[in-house]
Amino acid sequence: MTKPAEIRAHVLANLDHYLAELEKQLTGQGGTVVYLRSADEAADYIELLAREREVRVTGGAEGIRRQIEQLEPRLEDYLKGEPCVAVESVAIEGSGIGLAGAAFLIADAGAICLAGERTGAARPRVQVVLAGIEKVLPRMRDMAVFLPLVGGSDVRFLTGPRRAGELDGPEELYLILLDGGRSELLANQEKRDLLRCVRCGDCLPGQAGGRAVTCPVAIDIESLPLLLREEAPAEVSGWKFRLWGFVMGRPRLYEFAGQMLRAFWREQWGLPAPAAKTFRQLWREGKK
Ligand code: SF4
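Residues numbered from 1 in each chain as written. Predicted model: local features only at pLDDT ≥ 70, side-chain atom pairs only at ≥ 80, totals over all residues. Heavy atoms only, no water.

Asker: I tried to follow the layout of surface pockets on my own but got confused; where do I start?
Answerer: Taking a probe equal in size to a water molecule and rolling it over the atoms shows the remaining empty space. Reported here for the largest pocket is a volume of approximately 500 Å³. Forming the boundary of the largest pocket are 18 residues, of which Tyr254, Glu255, Ala257, Gly258 and Gln259 lie nearest the centre. Of all the secondary structure elements, the ones that give two or more residues to the lining of the largest pocket are helix H10 (239–248), helix H11 (251–269) and helix H12 (279–287). The element best represented in the lining of the largest pocket is H11, accounting for eight residues. By residue class, the composition of the lining of the largest pocket is nine nonpolar, four polar and five charged. (1 Å grid on protein atoms, 1.4 Å probe; cavity = no way out; pocket = protein on both sides within 12 Å on 5 of 7 lines; lining within 4 Å. Points joined across faces, edges and corners; volume = space filled by probe spheres on them. Helix = DSSP H or I, 4+ residues; strand = E, 2+ residues; numbered from the N terminus. Nonpolar A, V, L, I, M, F, W, Y, C, P; charged D, E, K, R; others polar.)

Asker: I'm lost on the pairing of strand S5 (residues 111–116) in this one. Help?
Answerer: Side-chain positions along a regular strand alternate between the two faces of the sheet. Most of S5 is tucked away, with six of its six residues classed as buried. Burial along S5 is two-sided: Ala111, Cys113 and Ala115 and Ile112, Leu114 and Gly116, pointing in opposite directions, are all buried. Across three bridges, the pairing between strand S4 (residues 104–106) and S5 is antiparallel. Counted as the bridge partner of Leu105 is Ile112 from S5. Counted between consecutive antiparallel strands, the loop separating S4 from S5 contains four residues, among which Gly110 sits at a positive phi close to 55°. Examined bridge by bridge, S5 and strand S8 (residues 154–158) share five bridges and lie antiparallel to one another. Residue pairing across strands places Leu114 opposite Arg156, the latter belonging to S8. (Buried < 20%, exposed > 50% of the residue type's maximum accessible area, 1.4 Å probe, protein only. Pairing = 2+ DSSP bridges.)

Asker: Before we go on, may I ask you to explain the packing of helix H1 (residues 3–13) against helix H6 (residues 143–150) in this structure?
Answerer: For any two helices packed against each other, the geometry is given by the interaxial angle and the distance between the axes. Interhelical geometry of H1 versus H6 gives an angle of 105° and a closest axis separation of 10 Å. The angle between H1 and H6 places the two elements in the roughly perpendicular class. For the pair H1 and H6, contact is made by Lys3, Pro4, Ile7 and Arg8 and by Val145, Phe146 and Leu149, respectively. (Axes fitted to C-alpha atoms, helices over the stretch in contact; angles between N-to-C directions. Parallel < 35°, antiparallel > 145°, perpendicular 65-115°, else oblique. Contact = heavy atoms within 4.5 Å.)

Asker: Looking at this structure, how should I read the nonpolar core?
Answerer: As a rule of thumb, soluble globular proteins bury nonpolar side chains together. Among the nonpolar cores identified, the biggest contains 44 residues, and Phe104, Leu105, Ile112, Val129, Val136, Leu175 and Leu177 are the most heavily contacted of them. Of all hydrophobic cores here, the second largest spans 20 residues; its members include Ala39, Leu49, Val126 and Leu130. (Core = buried A, V, L, I, M, F, W, Y, C linked by side-chain atoms within 4.5 Å.)

Asker: I tried to follow the pattern of salt bridges on my own but got confused; where do I start?
Answerer: Here the idea is simple: oppositely charged side chains can pair when their charged atoms come close. Summed over all chains, the structure comprises 18 salt bridges. In this structure, Arg51 and Glu47 form a salt bridge, with 3.6 Å as the shortest nitrogen-oxygen distance. Highlighted residues: Arg51 and Glu47, both in helix H3 (residues 39–52), separated by four residues, approximately one helical turn. Look at Arg51 and you get exposed, because its relative accessible area is 55%. (Salt bridge = Lys/Arg side-chain N within 4 Å of Asp/Glu carboxyl O.)

Read these as layout, nothing more, since geometry by itself doesn't imply function.
Here it is, written out as structure tokens:
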């Protein structure tokens, strides 16, 4: 197992311990740590923060929820290649409250690592950071191993709100630790290794550019799509697939349906002409 994979496996086996350490450190440094179950709960929480500070939020909780899902997409959505943005700061209303997604959390330093594009573009008074609970790493020195994996042109560490004498930093810092189904993944022996993912993006569609992809945290990328497709039947169990299954199970009906499709599809859908003979026709001719 590679060094990053070892560290990630160790974190997942001791997640409670490292989350508690992170919380203790960051709280001791003046930050606030909140555990929430879903993007909806996080949106409600942030909207409340904004209301208390009399900051207007365009689009309300729904607008915030969309931003949250962009910054911290569900791990499985991310690995399925659902569109998401790089980690970056998003101001809710020009100033006041800033929303960002964390690349990593460092337990021993009580630190939040923002890595991506424009992490420092907005310097809000209240900084809210979203992070999946799996993003924690044990020690600051682990960053030497992990930071090169996520890259980004801008890296910033937050260790709490601005202290007396400091020139930079938010007045308030909130870290929202999102579960978002991760506890279920953790309890699932087959899928828990997915939580090792550091979102380097190497295995996402179109990223490899023809080269073989090696996951830096030794996730079995070959079987990943199969694992994720386990959920697919629930999404594709509509009437179209039942009809398809019905037709596929009846060879004569299947052939008749194929002939109908060949007759109609070109005019209807503007597709290229089908081959002159079907596979079945060629097969029969070959047998004679
Ligand atoms: S290569 Fe591995 S770590 Fe990188 S995004 Fe894919 S699964 Fe995650």
